Amino acid sequence: GVSDAALVVRTLRHAVERHRILTDLASARQREHYLAMHDALTGLSNRASFFDHLRRMISYAARHQKRAAVLFLDLDRFKVVNDTCGHVAGDELLRQLGHVLQLRVRSADVVARLGGDEFVLLLHNCGSSDALQVANDLLRAVAAFQFVWAQHTFTLGVSIGVVMVNSNFRRLAQVMNAADTACYSAKDAGRNRIHVFQEDA
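Described in the following lines is the structure provided in the data block. Because the structure is predicted, anything quoted here is derived from the model rather than measured. (Residues numbered from 1 in each chain as written. Predicted model: local features only at pLDDT ≥ 70, side-chain atom pairs only at ≥ 80, totals over all residues. Heavy atoms only, no water.)

**Let's talk about the overall build of the protein chain**
When helices and strands are tallied, the protein chain shows six helices and seven strands. Scanning the protein chain from its N terminus toward the C terminus, one meets helices and strands in the order α-α-β-α-α-β-β-α-β-β-β-α-β. Relative to its length of 201 residues, the protein chain is extended, with a C-alpha radius of gyration of 23 Å against a globular reference of 17 Å. With the C-alpha coordinates of the protein chain rotated into their principal frame, the extents come out at 85 × 55 × 25 Å. By the burial criterion, 40% of the 201 residues in the protein chain qualify as buried. Element-wise, carbon and sulfur atoms account for 53% of the exposed surface of the protein chain, whose accessible area totals about 11400 Å². In the protein chain, the 24 positive side-chain charges and the 20 negative ones have mean positions that sit 5 Å from each other. (Helix = DSSP H or I, 4+ residues; strand = E, 2+ residues; numbered from the N terminus. Rg over C-alpha atoms; globule rule 2.2 N^0.38 Å. Buried < 20%, exposed > 50% of the residue type's maximum accessible area, 1.4 Å probe, protein only. Areas by Shrake-Rupley, 256 points an atom, 1.4 Å probe, with all protein chains shown as cover. Lys, Arg positive; Asp, Glu negative; His and termini not counted. Charge placed at Lys NZ, Arg CZ, Asp CG, Glu CD.)

Shown next as structure tokens:
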């Protein structure tokens, strides 16, 4: 009797402990996966996660004749914040701005930080006029955003390159090069503006 009860208790303890260990392992794996896919600073998708989404979108666009848009954003005057107030302020600005960008798109869209002051968005099932509308909305949102640190108040601008992802794009590098080129064209044209990549240009 007693030894049977003790055995049951011991077995239950083992089962509970085993369950706890497995649960801890599962949550550690989930945490690991989350950290591998998200930018530690802003909580947005990171470069690896964004590229993963984009690869899938490219093959989906090729198969189903669907369109998507990639918006490449490079902040104007971000260096002034770092130089004036230091990197802690710069990091806080990026965190706040990441939140501003996230609020301007649909939940199905992907907002990612590539690194530094570069952000990139993937807009699913999106035509060129909608993509341009989102880009203009982001341009206005960044212009309206004020960053306050100590006694300083900063306003920023953003240069945005827009690329329509269609069946002509077969590789991730093609899309990212086009987005990068469009963004730098926006910068060259005087910053704080949008440039749409033209495939025949």
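Right, picking up where we left off after that structure.
**Brief notes about helix H3 (residues 78-85)**
Those residues of H3 not exposed but buried are Phe78, Val81, Asn82 and Cys85. For H3, the arc enclosing every buried residue in end-on projection is 100 degrees, short of the 170-degree limit, so these residues lie on one face. Pointing more than 90 degrees away from the buried face of H3 are the exposed residues Lys79 and Asp83. The positive-phi residue at the C-terminal boundary of H3 is Gly86, with phi of around 95 degrees. (Arc of directions from axis to C-beta.)

**Describing the pattern of salt bridges**
Applying the stated criterion to the full structure yields nine salt bridges. A salt bridge links Asp83 to Lys79; its shortest N-O distance comes to 2.8 Å. Here Asp83 pairs with Lys79, and both are found in helix H3, just four residues apart, close to one helical turn. Through salt bridges that share partners, Asp74, Asp76, Lys187 and Arg191 make up one connected network. (Salt bridge = Lys/Arg side-chain N within 4 Å of Asp/Glu carboxyl O.)

**With respect to the nonpolar core**
By size, the foremost hydrophobic cluster in this structure holds 36 residues, and its most contacted members are Leu71, Leu73, Leu93 and Ile160. Per-element accounting of this core gives the leading share, seven residues, to helix H5 (residues 128-144). Setting aside anything within four residues of it in sequence, one finds Leu71 in contact with Phe119, Val120, Leu121, Leu123, Ala131, Val134, Ala135, Leu138, Ile160, Gly161 and Val162. (Core = buried A, V, L, I, M, F, W, Y, C linked by side-chain atoms within 4.5 Å. Contact = heavy atoms within 4.5 Å.)

**With respect to the packing of H3 against helix H4 (residues 87-103)**
Where H3 contacts H4, the two axes come as close as 7 Å, and the packing angle between them is 140 degrees. Residues Phe78, Val81, Asn82 and Cys85 of H3 form the contact with H4, whose own contacting residues are His87, Ala89, Gly90, Leu93 and Leu94. Classifying every residue of the contact of H3 with H4 gives six nonpolar, three polar and no charged. (Axes fitted to C-alpha atoms, helices over the stretch in contact; angles between N-to-C directions. Nonpolar A, V, L, I, M, F, W, Y, C, P; charged D, E, K, R; others polar.)

**Some thoughts on the state of the cysteines**
Tallied over the entire structure, the rule returns zero disulfides. Cysteine Cys126 remains unbridged, with the sulfur of Cys183 as its closest cysteine sulfur at 18 Å. Among the residues examined, Cys126 registers a relative accessible area of 4% and is labelled buried. (Disulfide = S-S within 2.5 Å.)

**Let's talk about the packing of aromatic side chains**
The final tally for this structure, using the stated rule, is three aromatic pairs. The structure contains a cluster of three or more aromatic residues connected by ring pairs, namely Phe147, Trp149 and Phe154. (Phe/Tyr/Trp six-rings, centres within 6.5 Å; stacked < 30°, edge-to-face > 60°.)

**A closer look at the pairing of strand S2 (residues 110-115)**
By the criterion of burial, S2 is predominantly enclosed, with five of the six residues buried. Following S2, the chain reverses through two residues before pairing antiparallel with strand S3 (residues 118-123); Gly116 in that reversal takes a positive phi of roughly 55 degrees. (Pairing = 2+ DSSP bridges.)

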